[in-house]
Amino acid sequence: MTDRITSWHPAPSRPRYRPPPGAVDAHCHVFGPQARFPFSAKAKYLPEDAGPDMLFALRDHLGFSRNVIVQASCHGTDNAATLDAIALSNGKARGVAVVDPAISEADLAALHAGGIRGIRFNFLKRLVDDAPKDRFLEVACRLPEGWHVVIYFEADILEELRPFMAAIPVPLVVDHMGRPDVTQGPDGADMTAFRRLLDSRPDVWFKATCPDRLDPTGDPWDAFARAVAPLVADYPDRALWGTDWPHPNMQDAIPDDGHLVDMIPRIAPSETLQRKLLIDNPMRLYWPEERT
Ligand code: 0GY
């Protein structure tokens, strides 16, 4: 784990689909710059710098207005790079932190002041050394007002995590729909299990993200479109969308971000759905005070 990896497209195309003004990219990350924000000693991958300037240039290129920056595992529980990017965004970014569950109330309040509105629990063994459910629950019970939990897991542990998720006392946002096998189709076992989770409580949300990670058929990711469009149609008020830029670990199948944006009208065909996915829903979670 010594080579620095680049996982983002050097020149993403301009999408044919133009997002509505005010659209939010609700899942992206920053890496470094490492000279100021070194990576964690426990990082499972070491990326090249992909800082706020690059993120905001991509935002403008793709036609988005805002970003939700999710703390990436390579930065561990030091949220300084994420907070720096939020601070440089002129109010156009907010974030999701990864914290030591023993974090103090004062440090949680400082994260809130810095634009953080949730914490992320990552259960991917290839990304983190441990995921202590009891300690996660303890901190989930003392989050600042209005925060939520973002959870990242793969479909094979969904059932095992159900009691844990049921105990979380704040809204729950599932990264990449819990990584279903989209080639099973919209009624396959993974999507059916995920729907059961959504049906178990009204405040479970999901990110309709990452065709590049989930669809082995490759760009234009037809299996993803087919499996995910019905989910967005059936749960339109709980869906979020994001690029996942700079696509941690995707160096073998780097997606063109313009093509990712062109997935939006395929999973949300009407203007009403697009407005929910890109504006109304993320604004409810991240900028509730600005909702019109
Ligand atoms: C993602 C997915 C991944 C990585 C991370 O924090 C991270 O390092 O989230 C992954 O490798 O699946 O959401 O970016």
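This structure is a prediction, so every number in the text was calculated from the model and none was measured.

*Asks:* With reference to specific residues and values, describe the site of the ligand.
*Replies:* Residues in contact with the ligand amount to 15 residues; listed here are only the nearest, His29, Tyr45, Ser73, Tyr152 and Asp244. One of the side-chain N or O atoms of arginine 126 is found 3.0 Å from an oxygen atom in the ligand. In this structure, tyrosine 152 approaches the ligand through a side-chain N or O atom, which is 2.6 Å from an oxygen atom. For the ligand, whose free accessible area comes to 350 Å², the fraction covered by protein is 100%. Here the ligand is seated within the largest cavity.

*Asks:* Report on the packing of aromatic side chains, specifying residues and quantitative values.
*Replies:* The tally for this structure, following the rule as stated, stands at nine aromatic pairs. Judged by centre distance (6.0 Å) and plane angle (65 degrees), the rings of phenylalanine 31 and tyrosine 45 are edge-to-face. Taken together, the residues phenylalanine 31 in the loop between β1 (24–28) and α1 (52–62) and tyrosine 45 in the loop between β1 and α1 connect sequence positions 14 residues apart. You can call tyrosine 45 buried: its relative accessible area is 4%. Centroid distance phenylalanine 64 to tryptophan 241: 5.5 Å. Interplanar angle 15 degrees. Geometry classified as stacked. You can see phenylalanine 64 sitting in the loop between α1 and β2 (66–70) and its partner tryptophan 241 sitting in the loop between β8 (239–240) and α9 (257–261), a full 177 residues away along the chain. Looking at tryptophan 241, the relative accessible area reads 2%, which means it is buried. Each residue in the set Trp8, Phe31, Tyr45 and Trp245 is aromatic and connected to the rest through ring pairs, giving one cluster. Of note, arginine 66 hangs over the ring of tryptophan 287, and the distance from its end group to the ring centre comes to 4.8 Å.

*Asks:* Now, about the environment of arginine 201: what can you tell me, with residues and values included?
*Replies:* Here arginine 201 is to be found in the loop between α6 (189–200) and β7 (204–207). Each C-alpha atom of the pair arginine 201 and isoleucine 279 lies 23 Å from the other, and the pair is 78 residues apart in sequence. Dropping the residues within four chain positions of it, arginine 201 is found in contact with Met165, Ala166, Ile168, Val170, Pro171 and Arg238. In this structure the side chain of arginine 201 is engaged in a polar contact, spanning 2.9 Å, whose partner is the backbone oxygen of valine 170.

*Asks:* Now, about the pattern of salt bridges: what can you tell me, with residues and values included?
*Replies:* In total, this model carries 20 salt bridges according to the counting rule given. Measuring nitrogen to oxygen at the nearest pair gives 2.8 Å for the salt bridge that ties arginine 195 to aspartate 234. In this pair, arginine 195 is assigned in helix α6 and aspartate 234 in helix α8 (residues 222–234), connecting sequence segments 39 residues apart. A relative accessible area of 48% means that aspartate 234 is categorised as partly exposed. For arginine 275, the salt bridge identified is with aspartate 280, shortest N-O distance 3.3 Å. Its relative accessible area of 30% is what places aspartate 280 among the partly exposed residues. Among the charged side chains, a network of salt bridges with common partners joins Glu105, Glu138 and Arg142.

*Asks:* Describe the environment of glycine 258, with residues and values.
*Replies:* Residue placement: glycine 258 occurs in helix α9. Overall, glycine 258 belongs to the buried group, its relative accessible area being 0%. In this structure the C-alpha to C-alpha distance between glycine 258 and leucine 62, which are 196 residues apart in sequence, comes to 6.6 Å. Ignoring any residue separated from it by four or fewer positions in sequence, one finds glycine 258 in contact with Pro12, Ser13, Pro15 and Leu62.

*Asks:* Explain the pairing of β7 to me, and be specific about the residues and the numbers.
*Replies:* On β7, burial covers both faces: Val204 and Phe206 on one face and Trp205 and Lys207 on the other are all buried. One ladder, built from three bridges, connects strand β6 (residues 172–174) with β7; its direction is parallel. Among the inter-strand pairings, leucine 172 is bridged to a residue of β7, identified as valine 204. Regarding topology, α6 serves as the crossover connection from β6 to the parallel β7, and that connection is right-handed. Bridge analysis of β7 against β8 gives two bridges, and the strand direction is parallel. Each bridged residue has a counterpart across the sheet, and for phenylalanine 206 the counterpart in β8 is alanine 239.

*Asks:* Explain empty space enclosed by the protein to me, and be specific about the residues and the numbers.
*Replies:* Inspection of the entire model under this criterion finds one cavity of 30 Å³ or more. Estimated volume of the largest cavity: approximately 110 Å³. In this structure, the largest cavity is lined by 15 residues; those nearest its centre are Arg120, Leu127, Tyr152, Arg213 and Pro248.

*Asks:* Please give an account of the sheet that holds strand β3 (residues 93–97) that cites residues and values.
*Replies:* Across the sheet, which stays open at both edges, the eight strands sit in the order β1-β2-β3-β4-β5-β6-β7-β8 with parallel pairing between neighbours. Of all strands in the sheet, those with a lone pairing partner are β1 and β8, marking the two edges. Lying over the sheet, α1 contacts β1 and β2, oriented at roughly 140 degrees with respect to β2.

What counts, and at which threshold
Residues numbered from 1 in each chain as written. Predicted model: local features only at pLDDT ≥ 70, side-chain atom pairs only at ≥ 80, totals over all residues. Heavy atoms only, no water. Near = heavy atom within 4 Å. Polar contact = N/O pair within 3.5 Å; in protein donor to acceptor, adjacent residues only side chain to side chain. Areas by Shrake-Rupley, 256 points an atom, 1.4 Å probe, with all protein chains shown as cover. 1 Å grid on protein atoms, 1.4 Å probe; cavity = no way out; pocket = protein on both sides within 12 Å on 5 of 7 lines; lining within 4 Å. Sits in = over half its atoms within 2 Å of the grid points. Phe/Tyr/Trp six-rings, centres within 6.5 Å; stacked < 30°, edge-to-face > 60°. Helix = DSSP H or I, 4+ residues; strand = E, 2+ residues; numbered from the N terminus. Buried < 20%, exposed > 50% of the residue type's maximum accessible area, 1.4 Å probe, protein only. Lys NZ or Arg CZ within 6 Å of the ring centre and 35° of its normal. Contact = heavy atoms within 4.5 Å. Salt bridge = Lys/Arg side-chain N within 4 Å of Asp/Glu carboxyl O. Pairing = 2+ DSSP bridges. Right-handed = clockwise from strand over helix to strand, strands pointing away. Points joined across faces, edges and corners; volume = space filled by probe spheres on them. Axes fitted to C-alpha atoms, helices over the stretch in contact; angles between N-to-C directions.

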